[in-house]
Amino acid sequence: MLHALYEWFWSDGIWLPKELSWADLEDKEGRVYAKPSHLYVTVPYAFGFLLIRYLFERWIATPLAAIVGIKEKIPLKAEKNPVLERHYTVQCRNPAQSDIEGLSKKSNLSVRQVERWFRRRRGQDRPGVLKKFREASWRFVFYLSAFIGGIVALYDKEWLYDTREVWTGFPKQSMLDSQYWYYILEMSFYGGLLISVAFDVKRKDFREQIIHHLATLVLLSFSWFVNYIRIGTLVMLVHDASDILLESAKLFNYAKWEKTCQALFVLFAIVFMVTRLIIFPFWLIHCTWVYPVLHYPAFFGYYFFNVMLVVLLCLHIFWAYLILRMIKKFMFGNLKRDERSDNEEEEEESSLTEDEVEQPHKLGNGSALDEKDKNGCFGHLSPPENLCWSKTVC
């Protein structure tokens, strides 16, 4: 049964046009083609990226954070309480007032003490600015390196300037060394992100990030199997451009360089709209939707590939909506947090000190607003990180 399933999965009719078979993609006549077996190396490379990331964050990002004045703040710890801990981990992190009253009776604590316990407990789980700075530093370095590498690999290729050339001679297009490494490193990086997502900073678009990483790997793998490598490299290059600006804006935000952060974020928004909502659909999806059928009749892989790219476009629109909301709030001067962050009240509560919790009336005289203003130009900015739906290419 497994053999039959294997034969069906790799049948020519699913992956290739009718006139072609896997035999046409065997190395011959001086041409070298991408093979599924090449992708096995991305697994150890993904773990290698995790090791490099650990060393980078510890020996480079952390000292850099100290230079710009970012320090690890240790939150107040909640006292051990099995009743409250069970409710926190099993039912709800932010209980309603009725639940708090019930927990007060069960734990023999006052309502105020229960509220304080949950505030502190949420604060323990909330990542600090240092952790966010280290993550953003790592992604910035990779995206910048990938973008530069993409430019070096593609600047002299005719399909960079004329998308019709993407399909010239398809599928008998020999794979270049630059294309091989561009793909392998991108896939390994996203494999590492998928592994590390459990302990990275979680935001509202956590599910979208998971979908992004999985779809990225699926589409990259598919484009590798059927030799859609030329269009794949174009999509990766287009997406890397805005990712660099996004991560750099977050870095300056965490460092509280407000003017630089503002300028980078506006530039990021412009580049994102141009690359993700104009170039991507009207050049690249047009290239994959219109030109292939001029060479071969449509087949299952053709439809699968284009539908997945449209899904990617929908995610771009979703993140563009979040970006525009942030810009609107920024322009009117009331943007205090990332649109993808958890409940704003929780973020404010988690920053309270013990004295402030005991004397909440002190926060009503304007000092709380002053503290907010010290958080940088976008508070906890980290716009649609996977705006990134980046390399969800093909």
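Residues numbered from 1 in each chain as written. Predicted model: local features only at pLDDT ≥ 70, side-chain atom pairs only at ≥ 80, totals over all residues. Heavy atoms only, no water.

1. Details of empty space enclosed by the protein
Scanning all chains against the criterion turns up 4 cavities of 30 Å³ or more. There is about 60 Å³ of room inside the second largest cavity. What lines the second largest cavity is Pro-17, Trp-167, Phe-170, Tyr-228, Pro-292, Val-293, His-295, Tyr-296, Pro-297, Ala-298, Phe-299 and Tyr-302. Residues belonging to the lining of the second largest cavity are distributed by class as follows: 11 nonpolar, 1 polar and no charged. (1 Å grid on protein atoms, 1.4 Å probe; cavity = no way out; pocket = protein on both sides within 12 Å on 5 of 7 lines; lining within 4 Å. Points joined across faces, edges and corners; volume = space filled by probe spheres on them. Nonpolar A, V, L, I, M, F, W, Y, C, P; charged D, E, K, R; others polar.)

2. Points about the pattern of salt bridges
Evaluated as defined, the whole model comprises 11 salt bridges. Note that Asp-162 and Arg-164 form a salt bridge whose closest N and O atoms lie 3.9 Å from each other. (Salt bridge = Lys/Arg side-chain N within 4 Å of Asp/Glu carboxyl O.)

3. A short note on the packing of helix 10 (residues 229-254) against helix 11 (residues 258-290)
For the pair helix 10 and helix 11, interaxial distance at closest approach is 9 Å and the crossing angle is 165°. One element, helix 10, and the other, helix 11, form an angle in the roughly antiparallel class. Of the two possible hands of crossing, helix 10 and helix 11 adopt the one that is left-handed. For the contact of helix 10 with helix 11, a count of residues per class yields 20 nonpolar, 7 polar and 2 charged. (Axes fitted to C-alpha atoms, helices over the stretch in contact; angles between N-to-C directions. Helix = DSSP H or I, 4+ residues; strand = E, 2+ residues; numbered from the N terminus. Parallel < 35°, antiparallel > 145°, perpendicular 65-115°, else oblique. Left-handed = near helix turned anticlockwise from the far one by under 90°.)

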